[in-house]
Amino acid sequence: MLLEREVSMKRFVAALLVSGIAAGAALAEATPEQTSAINQYAPDIDVSMLSDAQVDAAFAAANGKDSDAEKRTQIEFIANGGGSRPMTFSEEQIALIEEYVSPEEVAKMTGQQMGDALSIISTSENDDQKAARIKALIGY
C-alpha cells in the first residue's frame, strides 16, 4: 500500500513538472523548410521541442558550408541546450574558429562559446560580421 502511494505521488509530481515545463517553455513553430533542413542532418531531433533561437541556430547550421558530420554535431549541440553535455571539437572545427580569432583566444573559450562560434560561422554573414560577432561572444 505504501509503495503504491509512493508510485502515485511520483507520477503526480512528474506530471506537474511536465505541465510546468510545457507551460513555461516558449517552443518554436518551425516552418516545414526549417524542420526538413534540420532533420536532414539530425533526424532524431524533435524540432517542435526547440525554442525559436534554437531553430534559427540549427537552421543556420544546416545551411552552412560545413561537412554533413559537422552540421549534425552543431545541430545536436544546439538542440541539447548548447552545453548540456560534454562536447569535443574536431581539429577542423577549431581551425574554422581560428580563422576569426587567435589560437590563444580559442584556447580560452568554453565549449558553449565554441559551439556558438561554429553556429555564427555557419551563417551567411560576411567574414567581417562573423568575426565581430565571435569577438563579442568571447568579450574580445
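Residues numbered from 1 in each chain as written. Predicted model: local features only at pLDDT ≥ 70, side-chain atom pairs only at ≥ 80, totals over all residues. Heavy atoms only, no water.

## Notes on the environment of Leu137
To keep it simple, the criterion reads: Only DSSP runs of H or I reaching four residues or more are called helices, and only runs of E reaching two or more are called strands; each is numbered from the N terminus. Exposure is judged per residue with a 1.4 Å probe applied to protein chains only, and the accessible area is read against the type maximum: over 50% gives exposed, under 20% gives buried, and values in between give partly exposed. When checking whether two residues touch, look at their non-hydrogen atoms; a contact exists if any pair is within 4.5 Å.
Along the chain, Leu137 turns up in helix 8 (residues 127-137). The class of Leu137 is partly exposed, set by a relative accessible area of 27%. Leu137 sits 28 residues away from Met109 along the chain, and the two C-alpha atoms are 9.6 Å apart. Other than its neighbours up to four places away in sequence, Leu137 contacts Gln113, Asp116, Ala117 and Ile120.

## Thoughts on the environment of Gln113
Turning to its location among the elements, Gln113 is positioned in helix 7 (residues 111-121). Residue classification places Gln113 among the buried positions, given a relative accessible area of 19%. The spatial distance from the C-alpha of Gln113 to the C-alpha of Ile134 is 8.5 Å, given a sequence separation of 21 residues. Among all residues touching Gln113, those that are not within four sequence positions of it are Lys108, Leu137 and Ile138.

## Some thoughts on the nonpolar core
Just so we agree on the cut-off: As used here, the term nonpolar core means buried Ala, Val, Leu, Ile, Met, Phe, Trp, Tyr and Cys residues forming a set that is joined through side-chain atoms within 4.5 Å.
Core analysis: the biggest nonpolar cluster contains 15 residues, and Ile97, Val101, Met109, Ile121 and Ile134 have the highest contact counts within it. Those elements that place two or more of their residues in this core are helix 5 (91-98), helix 7 and helix 8. Looking at this core element by element, the count peaks at 5 residues for helix 7. Excluding residues within four positions of it along the chain, Val101 makes contact with Val106, Met109, Ile134, Lys135 and Ile138. Residues Tyr41, Val55, Ala62 and Ile75 belong to the second largest nonpolar core, which totals 13 residues.

## Considerations on helix 8
Here is the rule we go by: This arc is taken over the directions from the axis of the helix to the C-beta atoms.
What helix 8 keeps buried is the set Lys130, Ala131 and Ile134. One face of helix 8 carries all of its buried residues, which in axial projection span an arc of 100°. Residues of helix 8 that are exposed and angled more than 90 degrees away from the buried face: Asp128 and Ala136. As for helix 8, its buried residues are in contact with helix 7.

## A few points about the confidence of the model for the protein chain
Defined as follows: The predictor rates its confidence in each residue with pLDDT, a number between 0 and 100.
Model confidence for the protein chain is summarised by a mean pLDDT of 78, while 76% of its residues fall at 70 or above. The secondary structure element of the protein chain with the lowest average pLDDT is helix 1 (residues 2-24), at 43, and the one with the highest is helix 2 (residues 32-41), at 94. The model gives residues 12-25 a pLDDT under 50, and that stretch makes 0 contacts with residues more than four places away or in other chains.

## Considerations on the pattern of salt bridges
Just so we agree on the cut-off: Here a salt bridge means any side-chain nitrogen of Lys or Arg lying within 4 Å of a carboxyl oxygen belonging to Asp or Glu.
A complete count under the given rule lists 2 salt bridges for this structure. Across the pair Glu105 and Lys108 runs a salt bridge, and its minimum N-O distance is 3.8 Å. Taken together, the residues span about one helical turn, with Glu105 and Lys108 both in helix 6 (residues 103-108) at a distance of 3 residues. Classification of Lys108 by relative accessible area gives exposed; the value is 62%. A salt bridge links Glu125 to Arg133; the shortest N-O distance between them is 3.0 Å. In this structure Glu125 comes out as partly exposed when scored by relative accessible area, which is 26%. We classify Arg133 as partly exposed; its relative accessible area is 39%.

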